[in-house]
Amino acid sequence: MSFINYSAREINCKIVYYGPGLCGKTTNLNIVYKKTRPESKGKMISLATETERTLFFDFLPLSLGDIKGFKTRFHLYTVPGQIFYDASRKLILKGVDGIVFVADSQVERMDANMESLDNMKLNLEEHGYTLDKLPYVIQFNKRDLDDVVPVDEMRTVLNPGGVPQFEASAASGEGVFETLKAVVKLVLAELKKGA
Amino acid sequence: MSQASLVMFEEESVEITEIITRLVKEANAKSAYLVDKDGQLISSAGETQDIDSTSLASLTAGNIAATGGLAKLIGEQEFSILFHEGEKDNIHISIVGHRVILVIIFDERSSLGLVRLRVRKAGEELGKTIQKILARMDSADSKENLLEEITDDDIEGLFS
């Protein structure tokens, strides 16, 4: 849920990166962190295991400039992708303003993508959200790898609703900012609509 | 559908900051933070300059969320107070009005008993202020103009 603070003249919004384990959610945040000017970003927090798997969440606060004299601040979160962390995953969705679903393009990860997408819908419903009504974009990640599912097929399976979709290779940074920009625009447009 | 935004006006912010500033003084604490359950910092008071308040807010909300999950597992609605004891500094976290989180950082100049006592009193006041904000947001005239005035160009301009 966005927070508009007239005293600090800030608009704060929460964006969550969701997707199956090892699909590149944390990598997306790392790239955003690395490529953002120091004055625009806060400290990135990763609550991860010793093997760098996300345990609870990653968090990156980002400032994107002013609108009508108000600073726009976006809090980017990732969820833990591994199936057995579902209880934690659900908690991160609370108060979400926009969602990026990161899908792993590799053939052998398609089942995991579908499972994660279904899980996301269920968890959103438990918070009283409907995916159709939330600002939502999808990223087909790891396009640089061999043996990836054709984009058309991924769209048919994972994006039947036709939300904005982006091809990415998050490890090299490709597609990361396009994805972020798209979800930020949708979040702000939704705020405007809700006003 | 996303929920309505939490909107806080200047005078409400002043009121909240007054309450927690007084709390810091009366509890002999180092600092106090009021945080939304979604992890947004609402206000802070005291010696806050050395602490990354954005991180503090996000981690506190995560902490409360995880503890709330634990509470439900054992059949409790929530754990309304958490206390973390460090070598020098301690953190007292409490839920105010089921909606926001009050964080107090204190050292040996204070005590857990004093902090708990003062938090209880300030919590009641903060609860009332938060209820007022929520009631104002529910009322028809709460729709404010800022967001309506945002144009597509403004949004586009963020990325130029």
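All values derive from a computational prediction rather than experimental measurement. (Residues numbered from 1 in each chain as written. Chains lettered and ligands numbered in written order. Predicted model: local features only at pLDDT ≥ 70, side-chain atom pairs only at ≥ 80, totals over all residues. Heavy atoms only, no water.)

## Some details on the nonpolar core
Moving on, step 1. Within the largest apolar cluster, 36 residues are counted, with the highest numbers of intra-cluster contacts made by Ile 15, Phe 74 and Leu 76 of chain A.
Moving on, step 2. Counting only elements with at least two residues in this core, the list comes to β2 (10–18), α1 (25–35), β4 (54–67), β5 (70–78), β6 (98–104) and α5 (176–194) of chain A together with α4 (145–148) of chain B.
Moving on, step 3. Considering every element that reaches this core, the biggest residue donor is α5 of chain A, with eight residues.
Moving on, step 4. With residues up to four places along the chain from it excluded, the contact list for Phe 74 of chain A reads Cys 13, Ile 15, Leu 60, Pro 61, Leu 62, Leu 64, Val 184, Val 187 and Leu 188 of chain A. (Core = buried A, V, L, I, M, F, W, Y, C linked by side-chain atoms within 4.5 Å. Buried < 20%, exposed > 50% of the residue type's maximum accessible area, 1.4 Å probe, protein only. Helix = DSSP H or I, 4+ residues; strand = E, 2+ residues; numbered from the N terminus. Contact = heavy atoms within 4.5 Å.)

## Things to note about helix α3 (residues 110–126) of chain A
Moving on, step 1. Taking 1.5 Å of rise per residue, 17 residues should cover 24 Å, and α3 of chain A covers 25 Å from first to last C-alpha, within 8% of that figure.
Moving on, step 2. A positive backbone phi angle near 85° is found at Gly 128 of chain A, which sits one or two residues after α3 of chain A. (Expected span 1.5 Å × (residues − 1).)

## A word on the pattern of salt bridges
Moving on, step 1. This model, assessed by the stated rule, comprises 20 salt bridges over all chains.
Moving on, step 2. In this structure, the salt-bridge partner of Asp 38 of chain B is Lys 94 of chain A, at a minimum N-O distance of 3.3 Å. You can see Asp 38 of chain B sitting in the loop between β2 (31–36) and β3 (41–46) and its partner Lys 94 of chain A sitting in the loop between α2 (86–92) and β6, one on each of two chains.
Moving on, step 3. Look at Lys 94 of chain A and you get partly exposed, because its relative accessible area is 34%.
Moving on, step 4. Beyond isolated ion pairs, a larger network of salt bridges with shared partners links Glu 10, Lys 71 and Arg 73 of chain A. (Salt bridge = Lys/Arg side-chain N within 4 Å of Asp/Glu carboxyl O.)

## Regarding the interface of chain B and chain A
Moving on, step 1. With 41 residues of chain B at the contact, the number on the chain A side is 46 residues.
Moving on, step 2. Counting each side, the surface lost to burial between chain B and chain A is near 4000 Å², with a carbon and sulfur contribution of 63%.
Moving on, step 3. Three residues stand out in chain B for area buried against chain A, namely Asp 38, Gln 40 and Leu 158 of chain B, and they jointly supply 17% of the buried area on that side.
Moving on, step 4. Here chain B is connected to chain A by three salt bridges.
Moving on, step 5. Here Lys 68 of chain A and Asp 154 of chain B are joined by a salt bridge, their closest N and O atoms 3.1 Å apart.
Moving on, step 6. The interface formed by chain B and chain A contains 13 residue pairs in polar contact (both at pLDDT 80 or more).
Moving on, step 7. Elements with a minimum of two residues in the side of chain B that touches chain A: β1 (6–8), α1 (10–26), β3, α2 (53–73), α4 and α5 (152–157) of chain B.
Moving on, step 8. Looking at the side of chain B that touches chain A, its residues break down into 17 nonpolar, eleven polar and 13 charged.
Moving on, step 9. Bridge analysis of strand β1 (residues 3–5) of chain A against β1 of chain B gives three bridges, and the strand direction is parallel. (Buried area = accessible area lost by both parts, 1.4 Å probe. Polar contact = N/O pair within 3.5 Å; in protein donor to acceptor, adjacent residues only side chain to side chain. Nonpolar A, V, L, I, M, F, W, Y, C, P; charged D, E, K, R; others polar. Pairing = 2+ DSSP bridges.)

## A closer look at the environment of Gly 81 of chain A
Residue and element names in this part refer to chain A.
Moving on, step 1. Tracing the backbone through its elements, the reader meets Gly 81 in the loop between β5 and α2.
Moving on, step 2. Overall, the relative accessible area of 15% leaves Gly 81 in the buried class.
Moving on, step 3. On a C-alpha basis, the gap between Gly 81 and Gly 21 in space is 3.8 Å, while along the polypeptide they are 60 residues apart.
Moving on, step 4. Ignoring sequence-local partners within four residues, the contact set of Gly 81 consists of Gly 19, Pro 20, Gly 21, Lys 25 and Arg 89.

## Concerning the packing of aromatic side chains
All names here are of chain A.
Moving on, step 1. Across all of its chains, the model carries seven aromatic pairs over all chains by this definition.
Moving on, step 2. Ring centres of Tyr 6 and Phe 70 lie 5.2 Å apart, and the angle between their planes is 80°; this geometry places the pair in the edge-to-face category. In this pair, Tyr 6 sits in the loop between β1 and β2 while Phe 70 sits in strand β5, placing the two residues 64 residues apart along the sequence.
Moving on, step 3. When its relative accessible area of 16% is taken as the criterion, Tyr 6 is described as buried.
Moving on, step 4. Here the aromatic residues Phe 56, Phe 57, Phe 59 and Tyr 77 are joined through ring pairs into a cluster of three or more.
Moving on, step 5. Stacked on the ring of Tyr 77, the Lys or Arg Lys 14 has its end atom at 4.7 Å from the ring centre. (Phe/Tyr/Trp six-rings, centres within 6.5 Å; stacked < 30°, edge-to-face > 60°. Lys NZ or Arg CZ within 6 Å of the ring centre and 35° of its normal.)

## Some points on the packing of α1 of chain A against α5 of chain A
All names here are of chain A.
Moving on, step 1. Contact geometry of α1 with α5 gives a least axis separation of 10 Å together with a crossing angle of 95°. On the basis of the axis angle, α1 is roughly perpendicular to α5. In contact with Asn 28, Ile 31, Val 32 and Lys 35 of α1, α5 contributes Val 176, Phe 177 and Leu 180.
Moving on, step 2. Among the residues making up the contact of α1 with α5, the classes are represented as five nonpolar, one polar and one charged. (Axes fitted to C-alpha atoms, helices over the stretch in contact; angles between N-to-C directions. Parallel < 35°, antiparallel > 145°, perpendicular 65-115°, else oblique.)

## Side note on the sheet that holds strand β6 (residues 100–106) of chain B
Residues and elements named next belong to chain B.
Moving on, step 1. Across the sheet, five strands lie side by side as β3-β2-β6-β5-β4; this open sheet has antiparallel pairing. Each edge of the sheet is formed by a strand with only one pairing partner; in this case those strands are β3 and β4 (81–85). Adjacent strand axes in the sheet meet at a mean angle of 15° when their direction is disregarded.
Moving on, step 2. Bridge count for β2 against β6 is six bridges, and the pairing is antiparallel. Opposite Leu 34, over in β6, you have Leu 102 as the bridge partner.
Moving on, step 3. Across the sheet, α1 touches β2, β3 and β6, and the angle it forms with β3 is around 40°.

## Quick look at the side chain of Ser 110 of chain B
Moving on, step 1. Along the polypeptide, Ser 110 of chain B turns up in the loop between β6 and α3 (112–138).
Moving on, step 2. At a separation of 2.6 Å, a polar atom in the side chain of Ser 110 of chain B contacts the main-chain carbonyl oxygen of Ala 27 of chain B.

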